[in-house]
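The primary structure of each chain is shown beneath.
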Amino acid sequence: MHDPRQRAWLEVNPSAVEANTKAIKQVLSKGCELMAVVKADGYGHGAETVARAALRGGASDLGVATLDEGIQLRQASIDAPILLLGNLSSPEELSACLDWRLMPTLSTLKQAMLCQDLAEGTGSKFKVHLKVDTGMTRLGCDMKEVFSIVNTIQRFSNLNLKGVYSHLSMADGERYGKSERITSEQKRRFESVLEMLPPMKKEFCVHIANSAGTLRDPSLHYDMVRVGLALYGHSPIKDLELDLSLKPALGVKARVAFIRDVPSGVGVSYGHTFVTQRSSRLAVVGIGYADGVSRALSGQISALVNGKFLPQVGSITMDQLMLDITDYPDLKVGTIVTMLGQDGDQLISPKQWSDVSGSIPWEVLCGFKNRLPRIVI
Ligand SMILES: *Cc1c(COP(=O)(O)O)cnc(C)c1O
């Protein structure tokens, strides 16, 4: 096998995920569990790697989006409870869920009845979570249906209700104003639902907080929090009050593939959106938008070499991008540059990219493509 670090690659640091999990667990009240959300292949870090790291750090449960993501973790012999956050409606999918001991998210009575039927005669109990919509307007039953669905599920002999949950729509917004208002309103609605349930409570856990909810307000923790972004070392909120010293777990590295010296006045890359203003030395780096460095970042980001920021110039192309290294002429073909992540004391965060491209850190992290080999360090 040749060295995968030849052109461009991802470096994943599972100890960072483990440390982040521990740090987040420390701010949870006693008895509050942490579900590590490892959907989308662990936000691009590799689901199995980060799932194991989070479990070592004290996570009790795992969350994924799709059936296949859940099955992959089971095939990797991961035994922790796994919740599927997406919606499954076909009998085939739900029955696979039962076979693989994955917990589906239910939003309707119909799904509950289907699960009850599918588990009949199998000898296994179908563990499920019920989702209620409190203002995200995506999955989940209406608030007024919760009482009767919970009642029915609890009467069904083949079902085991493990959780009742909801999802916040705006917890990552500004600390004051609209996002505060909407988040409190969702909390109020969630609690009004919970108040309807006391006689049967305790048998299942209730949860609503994502990373932002977890970090912004301990009163959103309840029995469990579902943490994604923060696990990977990135805070979803700017003016975070808790200083957790989260550690970024991903590095995006690439090598200089070619170096050229050009005079002043030369157009660089597609469209000549950059024209040299002086005699310049350019480094061509072997990574492009087909690897996950969005073309929308063209000319607005830097790469790190030995703690120095080198400006990226011209359009980012499918497989390559150019750096202006005139001020750092000692780079060589083969020199490793950091496109994202830590280099010495310096850091390029997904937020820096997403602020430029009009995206969000979540999308930046899951945007890295299979062409980049992933190296666990
Ligand atoms: C993705 C997801 C999360 C995790 O969100 P982060 O903001 O990454 O912490 C939690 N809950 C649900 C339902 C999700 O889909």
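What you are looking at is a predicted structure, and each value in this text was computed from that prediction instead of being measured. (Residues numbered from 1 in each chain as written. Predicted model: local features only at pLDDT ≥ 70, side-chain atom pairs only at ≥ 80, totals over all residues. Heavy atoms only, no water.)

Novice: Hey, could you run me through the overall build of the protein chain in this one?
Specialist: When you go through the protein chain residue by residue, the secondary structure sums to eleven helices and 19 strands. Over its C-alpha atoms, taken along the principal directions, the protein chain stretches across nearly 80 × 50 × 35 Å. Expressed as a percentage of the 377 residues in the protein chain, the buried residues total 50%. Within the protein chain, residue pairs in contact and separated by at least 24 positions form 67% of the contacts whose partners lie at least 6 positions apart. Averaging the positions of the 42 positive and the 40 negative side-chain charges in the protein chain gives two centres separated by 1 Å. (Helix = DSSP H or I, 4+ residues; strand = E, 2+ residues; numbered from the N terminus. Buried < 20%, exposed > 50% of the residue type's maximum accessible area, 1.4 Å probe, protein only. Contact = heavy atoms within 4.5 Å. Lys, Arg positive; Asp, Glu negative; His and termini not counted. Charge placed at Lys NZ, Arg CZ, Asp CG, Glu CD.)

Novice: I would appreciate a short explanation of unusual backbone geometry in the present structure.
Specialist: Note on backbone geometry: most residues besides glycine have negative phi, and most peptide bonds are trans. A positive phi angle, near 50°, is found at Ala40, a position not held by glycine. Following the sequence through the fold, Ala40 ends up in helix H2 (residues 39-43). A relative accessible area of 34% means that Ala40 is categorised as partly exposed. Unusually for a residue other than glycine, Thr137 sits at a positive phi of about 55°. Structurally, Thr137 is set in the loop between strand S6 (126-131) and helix H7 (146-155). Thr137 gets classed as exposed once you look at its relative accessible area, which sits at 66%.

Novice: What is the right way to look at the packing of helix H5 (residues 91-99) against helix H6 (residues 109-119) in this model?
Specialist: When two helices pack together, you describe them by how their axes are tilted relative to each other and by the distance separating the axes. The N-to-C vectors of H5 and H6 enclose an angle of 60°; their axes lie 10 Å apart at closest approach. If you check the angle between H5 and H6, you find them oblique. Note that H5 runs across H6; the crossing there is right-handed. Where H5 abuts H6, its residues Pro91, Leu94, Ser95 and Leu98 lie against Leu114, Cys115, Leu118 and Ala119. For the contact of H5 with H6, a count of residues per class yields seven nonpolar, one polar and no charged. (Axes fitted to C-alpha atoms, helices over the stretch in contact; angles between N-to-C directions. Parallel < 35°, antiparallel > 145°, perpendicular 65-115°, else oblique. Left-handed = near helix turned anticlockwise from the far one by under 90°. Nonpolar A, V, L, I, M, F, W, Y, C, P; charged D, E, K, R; others polar.)

Novice: Even after reading the chapter, I still don't get the pattern of salt bridges, so can you show me in this structure?
Specialist: Any two side chains of opposite charge can pair if their charged atoms end up close together. Under the definition given, this model contains 17 salt bridges. Between Asp291 and Arg7 there is a salt bridge, with its nearest N and O atoms 2.8 Å apart. Of this pair, Asp291 sits in the loop between strand S13 (280-285) and strand S14 (302-305) while Arg7 is found in the segment before strand S1 (8-12), placing the two residues 284 residues apart along the sequence. Look at Asp291 and you get buried, because its relative accessible area is 0%. Among the ionic pairs, Arg188 bridges to Glu185, the shortest N-O distance being 2.8 Å. With Arg188 and Glu185 both in helix H8 (residues 178-195) and three residues apart, the pair spans about one turn of that helix. (Salt bridge = Lys/Arg side-chain N within 4 Å of Asp/Glu carboxyl O.)

Novice: Mind showing me how you'd approach the nonpolar core here?
Specialist: Inside soluble globular proteins, nonpolar side chains tend to come together where they are buried. Core analysis: the biggest nonpolar cluster contains 111 residues, and Ile287 and Trp353 have the highest contact counts within it. Broken down by element, the residue count for this core peaks at five residues, all from helix H3 (residues 47-56). Among the domains, domain 1 (14-232) and domain 2 (250-348) are the pair contributing at least three residues each to this core. (Core = buried A, V, L, I, M, F, W, Y, C linked by side-chain atoms within 4.5 Å. Domains from an automatic or database assignment.)

Novice: Even after reading the chapter, I still don't get the packing of aromatic side chains, so can you show me in this structure?
Specialist: Each aromatic ring pair is characterised by the separation of its centres together with the angle its planes make. The full count for this structure, using the stated rule, is three aromatic pairs. Ring plane angle 80° and centroid distance 5.3 Å describe the contact between Phe190 and Tyr222, whose orientation is recorded as edge-to-face. Taken together, the residues Phe190 in helix H8 and Tyr222 in the loop between helix H9 (211-216) and strand S9 (224-227) connect sequence positions 32 residues apart. Just as Phe190 is buried, Tyr222 falls in that class too. (Phe/Tyr/Trp six-rings, centres within 6.5 Å; stacked < 30°, edge-to-face > 60°.)

Limitation: the analysis is restricted to geometry and does not speak to function.
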